[in-house]
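An overview of the molecular structure
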Amino acid sequence: MAEILKLDNSPLAYVLEYAVRLILCGKVVAIPTDTIYGLAADPFNLAAISEIFRIKRRTADRPLPLLVDSIEQAVDLANHPPELFFKLARQFWPGPLTLVVPASRQIPLKVTANTGKVGLRWPQAPFVSALIAAAGRPLTGTSANLSDMSSCSTADEVDCQLGDAVPLILDGGLTRGVLASTVVELLGERGRIVRPGAISESELKEFLD
């Protein structure tokens, strides 16, 4: 069974050290974000990536999004992102927008599901940014749920679905978001919504026309 650690009852430094130690050892940790609960792991550890697919019962042909704590960190993970990337990032980050761009060579193919593309997001959640900074690297940000089930907004919901499969669930209470992030794939200087989410089509319209 997973250990559930309430963020409001634990010193931040302790939580960060504990979670990062697990992540850097190749473990997968469930964390609250600004949208829904996600699974945080080291994207450069292939064993950890395999564990995410096992935990979620996810097929290997579905890529994993990554969470960052700055535009600069995202740029390092992308292969020559277009100007539209910067326009969207400056407008909507930190926030519930995932931008799909060509991946840099440092990202394992397993993360991109051999597509050569990666989804990047800077969450509007101070704890997530602190965790990324403490880990010294981006983290995976796929939703903390079984692939055929609904996403989770509470630690208890994560525990019901994944409690037997993850060592630690960080309980940040009810997440603020009801919807997952909106996913926009960038094709040069053009973009298309591939998954509707928390940022509406009308908000993106001026950038995607």
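Structural data are supplied above this passage.
Before going into details, it helps to say that this report is about the structure given with it. (Residues numbered from 1 in each chain as written. Predicted model: local features only at pLDDT ≥ 70, side-chain atom pairs only at ≥ 80, totals over all residues. Heavy atoms only, no water.)

With respect to the overall build of the chain
- What the chain contains, in helices and strands, is eight helices and eleven strands.
- With the C-alpha coordinates aligned to their principal axes, the bounding extent of the chain is approximately 45 × 35 × 30 Å.
- A fraction of 65% describes how many contacts in the chain between residues 6 or more apart in sequence connect residues 24 or more apart.
- Total accessible area computed for the chain in this model is approximately 9,800 Å², and 52% of it derives from carbon and sulfur atoms. (Helix = DSSP H or I, 4+ residues; strand = E, 2+ residues; numbered from the N terminus. Contact = heavy atoms within 4.5 Å. Areas by Shrake-Rupley, 256 points an atom, 1.4 Å probe, with all protein chains shown as cover.)

Let's talk about the sheet that holds strand β10 (residues 182-187)
- What the six strands build is an open sheet, ordered β7-β4-β6-β5-β10-β11; its pairing is mixed. This sheet does not close on itself; its edge strands, each paired only once, are β7 (139-140) and β11 (190-195).
- Examined bridge by bridge, strand β5 (residues 97-102) and strand β6 (residues 117-121) share four bridges and lie antiparallel to one another. Paired with V100 across the strands is G119, a residue of β6. (Pairing = 2+ DSSP bridges.)

Examining the nonpolar core
- Residues L88, W93, L97 and L120 are the most contacted members of the largest nonpolar core, which totals 47 residues.
- Residues contacting L97, with those up to four places away along its chain left out, are L88, F92, L120, R121, S181, T182, V184, I199 and L204.
- Membership of the second largest hydrophobic core comes to 21 residues, among which are A19, I23, F127 and I132. (Core = buried A, V, L, I, M, F, W, Y, C linked by side-chain atoms within 4.5 Å. Buried < 20%, exposed > 50% of the residue type's maximum accessible area, 1.4 Å probe, protein only.)

A look at the packing of helix α4 (residues 83-92) against helix α8 (residues 201-208)
- At a closest axis distance of 11 Å, the pairing of α4 and α8 adopts a crossing angle of 145°. For the pair α4 and α8, the sense of crossing is right-handed. Mapping the contact onto sequence places L84, K87, L88, Q91 and F92 in α4 and E203, L204 and F207 in α8.
- For the contact of α4 with α8, the class distribution of residues is five nonpolar, one polar and two charged. (Axes fitted to C-alpha atoms, helices over the stretch in contact; angles between N-to-C directions. Left-handed = near helix turned anticlockwise from the far one by under 90°. Nonpolar A, V, L, I, M, F, W, Y, C, P; charged D, E, K, R; others polar.)

Quick look at the side chain of T142
- Tracing the backbone through its elements, the reader meets T142 in strand β8 (residues 142-143).
- Polar contacts involving the side chain of T142 include one to the side chain of R58, which spans 3.3 Å.
- In this view, T142 contacts G38, L39, I52, K56, R58, L64 and P65; residues no more than four positions away in its chain are not counted. (Polar contact = N/O pair within 3.5 Å; in protein donor to acceptor, adjacent residues only side chain to side chain.)

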